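If you want the building blocks of each chain, they are given just below.
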Amino acid sequence: MSDLAASQPKPSGTQGVEAAEVAVGEEVVLPLVEETARIEKRTVETGRVRVSTRTETVDQVLRESLRSDTVEVTRVPVDRTLSEGEVPPAVREEDGVTIIPVLEEILVVEKRLVLKEELHIRRSSADEDVEVPVTLRRQRAVVERVSRDGHASEQIDPPSAQETTP
């Protein structure tokens, strides 16, 4: 049998495969082998990072103009009785002064409307510049890269564009 197998050419793609002849009625079991590939990953620590923050304080003086309005009230006595059917005076403004009539009903034999007084209200404005000292805090991130041997190298993040503008 081996002479016949050695003398016959092998089909391509069957290098290393040995042929065997099987007689009729004989049963032969051929084991089939297949190779597979598998990829495994594992975590390898190459270093560590430690992150902390540092807080800096900056003293600044804030400046702002504040406006305050004051009101001066002057009572002007009138004591004039309104005639029958006369329309009571309305709130009015004269030369930047708001005039508010104050009316009172008094009981006489008949009821009359008497203008007791007027309130003259004059407005004035004043500007005041104020300075308020404040303390502002700013934090920066500190990143330390720690190597396997425990050596730490510190890196502070660069200030952002917002931090550099006053």
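Residues numbered from 1 in each chain as written. Predicted model: local features only at pLDDT ≥ 70, side-chain atom pairs only at ≥ 80, totals over all residues. Heavy atoms only, no water.

### A look at the pattern of salt bridges
- On inspection of all chains with the given rule, the structure shows eleven salt bridges.
- The salt bridge involving arginine 140 is made with glutamate 56; its shortest N-O contact spans 3.2 Å. You can see arginine 140 sitting in strand β4 (residues 111-146) and its partner glutamate 56 sitting in strand β1 (residues 48-81), a full 84 residues away along the chain.
- The exposure class assigned to arginine 140 is buried, which follows from its relative accessible area of 16%.
- Close ionic contact of aspartate 127 with arginine 67 constitutes a salt bridge, the shortest N to O distance being 3.1 Å. Here the residue aspartate 127 occupies a position in strand β4, and arginine 67 occupies one in strand β1, the gap between them amounting to 60 residues. (Salt bridge = Lys/Arg side-chain N within 4 Å of Asp/Glu carboxyl O. Helix = DSSP H or I, 4+ residues; strand = E, 2+ residues; numbered from the N terminus. Buried < 20%, exposed > 50% of the residue type's maximum accessible area, 1.4 Å probe, protein only.)

### Things to note about a nonpolar patch on the surface
- Taken together, the side chains of Val22, Val28 and Leu30 make up a nonpolar region of the molecular surface, amounting to roughly 290 Å² of accessible area.
- Examined against the element boundaries, leucine 30 turns out to sit in the loop between α1 (2-7) and β1. (Patch = residues over 30% accessible without salt bridge, like charges linked within 9 Å, V, L, I, M, F, W, Y side chains within 5 Å. Areas by Shrake-Rupley, 256 points an atom, 1.4 Å probe, with all protein chains shown as cover.)

### Some words on the confidence of the model for the protein chain
- A residue-level look at the protein chain finds 81% of positions with pLDDT of 70 or above and a mean pLDDT of 80.
- No element of the protein chain has a lower mean pLDDT than α1, which averages 48, and none a higher one than strand β2 (residues 92-94), which averages 93. (pLDDT = per-residue confidence, 0-100.)

### Concerning the environment of serine 125
- If you trace the backbone, serine 125 turns up in strand β4.
- Note: C-alpha distance between serine 125 and valine 71 (54 residues apart in sequence) is 8.9 Å.
- Here the side chain of serine 125 touches aspartate 69 through a polar contact of 2.8 Å, side chain to side chain. (Polar contact = N/O pair within 3.5 Å; in protein donor to acceptor, adjacent residues only side chain to side chain.)

### So, the side chain of glutamate 118
- Its location among the elements puts glutamate 118 in strand β4.
- Overall, glutamate 118 belongs to the buried group, its relative accessible area being 11%.
- Among the polar contacts made by the side chain of glutamate 118, one reaches the side chain of arginine 92 at a distance of 3.0 Å.
- Once you skip the residues sitting within four places of it in the chain, glutamate 118 turns out to touch Thr74, Arg75, Val76, Val78, Arg92, Ile99, Ile100 and Pro101. (Contact = heavy atoms within 4.5 Å.)

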